[in-house]
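# Residue-level structural notes
Each chain, written out:
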Amino acid sequence: QVQLVESGGGLVQPGGSLRLSCAASGIIFSSYATAWYRQAPGKQRELVADISRGGSTNYADSVKGRFTISRDNGKNTVYLQMNSLKPEDTAVYYCNARSWDGCTYWGQGTQVTVSS
């Protein structure tokens, strides 16, 4: 059974930081590209950042310079370090894993709220 379990969300003040984690089980993690998406109320789910099997990264323009995605294949975990958080970063954040042949898995999501 494949599981992606996110953690690390919460309430933070503007300018603060959070680190999200996504622990995977049931897959050969190193064979999957991974990504973080987010969905704010009333909006479509959008890509925040992704990291390839080889470690190449890609970021949405809105988070460049503030967020960092990384992965630890030994721990089957992908991370999202979020700094300088803004109210517009408020959303449910989802972990995604995608194999070379398009097989895709999603986590259940973790809420991030940026508010004073």
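Residues numbered from 1 in each chain as written. Predicted model: local features only at pLDDT ≥ 70, side-chain atom pairs only at ≥ 80, totals over all residues. Heavy atoms only, no water.

## Focus: the pattern of salt bridges
When their charged atoms lie close together, side chains carrying opposite charge are able to pair. Keep this limit in mind: Here, a salt bridge means any side-chain nitrogen of Lys or Arg that lies within 4 Å of a carboxyl oxygen of Asp or Glu. Here the term buried applies to any residue with accessible area under 20% of the maximum for its type, exposed to any over 50%, and partly exposed to those in between, with areas from a 1.4 Å probe on protein chains only.
Tallied over the full model, the rule gives 4 salt bridges. For the salt bridge of glutamate 46 with arginine 38, the shortest nitrogen-to-oxygen distance reads 2.7 Å. By relative accessible area, which is 36% here, glutamate 46 ends up partly exposed. Residues lysine 64 and aspartate 61 are paired through a salt bridge, measuring 3.1 Å at the closest nitrogen-oxygen approach. In this structure, lysine 64 and aspartate 61 share a single accessibility class: exposed. Each of Arg38, Glu46, Arg66 and Asp89 takes part in one network of salt bridges that share partners.

## Observations concerning the state of the cysteines
The following threshold applies: The disulfide definition used here is simple: a pair of cysteine sulfur atoms within 2.5 Å. Each helix is a run of DSSP H or I of at least 4 residues and each strand a run of E of at least 2, with the numbering of both proceeding from the N terminus.
If you walk through the whole model with that rule in mind, you get 1 disulfide. The disulfide partner of cysteine 22 is cysteine 95, and the S-S distance across this bridge is 2.1 Å. Because the sign of the S-S torsion sets the handedness, a value of about -80° for the bond joining cysteine 22 and cysteine 95 places this disulfide among the left-handed ones. Taken together, the residues cysteine 22 in strand 3 (residues 18-25) and cysteine 95 in strand 9 (residues 91-98) connect sequence positions 73 residues apart. Cysteine 103 takes part in no disulfide bond, and the closest cysteine sulfur to it belongs to cysteine 95, at a distance of 14 Å.

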